[in-house]
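Descriptive structure summary
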Amino acid sequence: MKLQGENISFKYPSSKEYIIKDLNISLKSNEIKGIVGDSGCGKSTLCKILSGYNKSEGKITIDGIENNAKNKFNPIQLIFQHPELTMNPKWKMKDILFESWDVDSELIEEFGIQKSWLNRWPNELSGGELQRFSVLRALSPKTKFLICDEITTMLDAVTQVQIWDLVTKIAKDRNIGLLVVSHDKALVERICDDVIYFDEINQSNLKEL
Amino acid sequence: MNSEKYKRFAFKKMNLRTKTLLIISLTALLLLAIVINSFFIDTSSITTNFPLRNMGPSLEHLFGTDWMGRDMFTRTMKGLGLSIQVGAFASIISTIIAVVLGLLSSMNKYIDLFVNWLIDLFSSIPHLLLIILISICLGGGAFGVIVGVGLTHWTSLARVLRAEIKQINTSEYVKLSKNLGKSKLWIARKHLLPLILTQIVIGTILIFPHAIMHEASVTFLGFGLSPHEPAIGVILSESMKYLATGSWWLAFFPGLSLLIIVLLFDLIGDNLQKILDPTNAHE
Ligand SMILES: Nc1ncnc2c1ncn2[C@@H]1O[C@H](COP(=O)(O)OP(=O)(O)OP(=O)(O)O)[C@@H](O)[C@H]1O
Ligand SMILES: [Mg+2]
């Protein structure tokens, strides 16, 4: 399968300038691609567009068919930079995790999630602990493309390696196309088969300012 | 959080829970007793009995008797029973209006603007004035007061619900839910309802004392329940004439009873708010 973003242009309603202009990007199954860019250049914005959270100009297709999932599981899943915003503060962690799919307990353990965390509220866990949940939540069997927006920035080096090993292994096993977005060039180069620079694919004139 | 601190915290929280539960059961019992009492009251003690008139509080007549020799305790109970019924009906009407408007406002921008305008309009007019107006238009009496109070007390709950629903609907976790393929109905049931349900319950409980107070004030001013009804407002306004003669108990006990009911409900509403909000309780 092939995910393609064609001629993507986007501006926030509150601003006049396009943050993203005529951007083209593609991602194949089983491919691990990285995007590197400076802070504030629009990486998170692009991630949200590709996964359908923001509506943009241009087309997002899977194998040539436009991906406008409504009332069905979106095969393009996004793991957000800030996990706490993506969790209902009135839900326990287990409800948050299982909203997506029936995660097996083996995998929960592999992600370093302790049993007792499942019965806590989101505000009773650290950012790094929450992020493990949101990574695991996104790894549903129905996920075909996974976009990771700075998902390990809040973790220490050892945990970072641990999480990325798991995610890349699962992605390879399940033939998932993985898009790794970060400002950390070294990290992206270590994980990915292919690295692209945000500024090189984005035609927005903002970057010249 | 260390375990010692956690234990103390848990104890404190349980304490608030138990305390509130206690207050609720007490209040419920009290209300039940009053309402049942007001239905089956022995009317012989509130028929005119001139030899016993203007007696101060005693064991036989806890709240004293009035200028016609009627037992003030019985009259107060009957009055409270009526007040509670009027207050309950009025708060339910208010709550229904608030919920409907809150849900409507989440449907689209124009309805939302309209609802917002309606809320502003109704909260800019003094309650008492509006209640009197509505009540007069509907011919006064219990029906007029219930509708009058019901139509004026929904604004703050509607405002809360509108903001709450908007906040939940635009949250990342609801968007993520949609991305996971959950239907609108599922999201409304799982994300929206549990949260606004607590708001609705608390809102209704907080409206109740206001409703009772406003009913009593309107009746006191002569625009509410008819003077023939055994309402607290009627008792209070009649008693005013006799205060100068030193019959303090005529107004004191009925007023105090009303105040206690009102304060109890305020307390319950406040405590429930603290308990039922998980983010609050777990911080
Ligand atoms: N909701 C919004 N409304 C208006 N402008 C926004 C909004 N969200 C982000 N922006 C702006 O868009 C630009 C790109 O933001 P974005 O979050 O995509 O950057 P980023 O590349 O992910 O940065 P970082 O590496 O710091 O996460 C920023 O200049 C930001 O100020
Ligand atoms: Mg970002």
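Here is what the cut-offs are and how they apply
Residues numbered from 1 in each chain as written. Chains lettered and ligands numbered in written order. Predicted model: local features only at pLDDT ≥ 70, side-chain atom pairs only at ≥ 80, totals over all residues. Helix = DSSP H or I, 4+ residues; strand = E, 2+ residues; numbered from the N terminus. Buried ≥ 20, exposed ≤ 12 C-beta atoms within 10 Å, placed from the backbone. Contact = placed C-beta atoms within 7 Å. Nonpolar A, V, L, I, M, F, W, Y, C, P; charged D, E, K, R; others polar. Pairing = 2+ DSSP bridges. Near = placed C-beta within 6 Å. Axes fitted to C-alpha atoms, helices over the stretch in contact; angles between N-to-C directions. Right-handed = clockwise from strand over helix to strand, strands pointing away. Core = buried A, V, L, I, M, F, W, Y, C linked by C-beta atoms within 7 Å. Bend = angle between axes of the 7 residues up to and from the residue. Parallel < 35°, antiparallel > 145°, perpendicular 65-115°, else oblique. Left-handed = near helix turned anticlockwise from the far one by under 90°.

Focus on the overall build of chain A
A count of helical and extended segments in chain A gives 7 helices and 9 strands. Overall, chain A is about 50 × 35 × 35 Å in size when its C-alpha atoms are taken along their principal axes. Here chain A holds 209 residues, and the buried ones make up 41% of them.

Focus on the interface of chain B and chain A
The interface is formed by 16 residues belonging to chain B together with 19 residues belonging to chain A. Taken together, the elements giving at least two residues each to the side of chain B that touches chain A come down to α7 (172–179), α8 (184–220) and α11 (278–281) of chain B. Counting residues per element, the side of chain B that touches chain A draws most heavily on α7 of chain B, at 6 residues. Across the side of chain B that touches chain A, the residue classes tally to 6 nonpolar, 7 polar and 3 charged.

A look at the pairing of strand β1 (residues 2–10) of chain A
Residues and elements named next belong to chain A. In this sheet, strand β2 (residues 20–28) lies alongside β1 in antiparallel orientation, the contact comprising 6 bridges. Bridged to Ile 8 within β2 is Leu 23. Taken together, the 5 bridges between β1 and strand β4 (residues 57–62) define a ladder with antiparallel strand orientation. Counted as the bridge partner of Glu 6 is Lys 59 from β4.

Observations regarding the site of ligand 1
If you check the shell around ligand 1, you find 15 residues, and the closest are Tyr 12, Ser 39, Lys 43, Ser 44 and Thr 45 of chain A. Class assignment for the residues of the shell around ligand 1 results in 3 nonpolar, 10 polar and 2 charged.

Focus: the sheet that holds strand β8 (residues 177–182) of chain A
Residues and elements named next belong to chain A. A sheet is described by the order of its strands in space; here 5 strands give the open sequence β6-β7-β8-β3-β9, paired in parallel fashion. The open sheet has two edge strands with one neighbour each: β6 (76–79) and β9 (194–197). Neighbour-to-neighbour, the strand axes of the sheet open up by a mean angle of 20 degrees, direction not taken into account. Where strand β3 (residues 32–36) and β8 come together, 5 bridges link them in parallel fashion. Bridging from a neighbouring strand, Val 36 pairs with Ser 182 of β8. In this fold helix α1 (residues 43–50) packs onto β3, β6, β7 (145–149) and β8, with an angle of close to 160 degrees to the strand it touches most, β7.

Side note on the pairing of β7 of chain A
All names here are of chain A. With respect to burial, β7 is a largely interior element, 5 of its 5 residues being buried. Of the two faces of β7, the one carrying Phe 145, Ile 147 and Asp 149 and the one carrying Leu 146 and Cys 148 are both buried. Strand direction decides the pairing type here: β6 and β7, joined by 4 bridges, are parallel. In the sheet register, Gln 77 faces β7, and the bridge partner there is Leu 146. Crossover connection from β7 via helix α5 (residues 157–174) to parallel β8: handedness right-handed.

Looking at the nonpolar core
Grouped together as the largest cluster of nonpolar side chains are 55 residues, with contacts concentrated most on Val 135, Leu 146, Ile 147, Cys 148, Leu 179 and Val 180 of chain A. In terms of residues, this core owes the most to one element, helix α4 (residues 127–138) of chain A, which gives 5 residues. Here Val 135 of chain A is in contact with Ile 79, Phe 111, Ile 151, Ile 163 and Val 167 of chain A, once residues within four sequence places are set aside. By size, the runner-up hydrophobic cluster in this structure holds 48 residues, among which are Leu 80, Ile 132, Ile 235 and Ile 268 of chain B.

With respect to the sheet that holds β1 of chain A
Residue and element names in this part refer to chain A. Here 4 strands make up an open sheet; going across it, the order is β2-β1-β4-β5 and the pairing antiparallel. Lying at the two open borders of the sheet, with one neighbouring strand each, are β2 and β5 (65–66). Along the sheet face, α1 touches β1, β2 and β4 and points at about 120 degrees away from the line of β1.

Here's the deal with α8 of chain B
If you look at α8 of chain B, its biggest bend is around 50 degrees, right at Leu 193 of chain B, and the proline Pro 194 of chain B turns up within four residues after that. Just beyond α8 of chain B, the residue with positive phi is Gly 222 of chain B, at close to 90 degrees.

Regarding the packing of helix α4 (residues 127–137) of chain B against α8 of chain B
Residues and elements named next belong to chain B. Close contact between α4 and α8 brings their axes to 10 Å; oriented N to C, the two are set at 65 degrees. What the angle tells us is that α4 and α8 run roughly perpendicular. Note on packing geometry: the crossing formed by α4 with α8 is right-handed. Residue-level contacts link His 127, Leu 128, Ile 131, Ile 132 and Ser 135 of α4 to His 214, Ser 217 and Val 218 of α8. Taken together, the residues that form the contact of α4 with α8 break down as 4 nonpolar, 4 polar and no charged.

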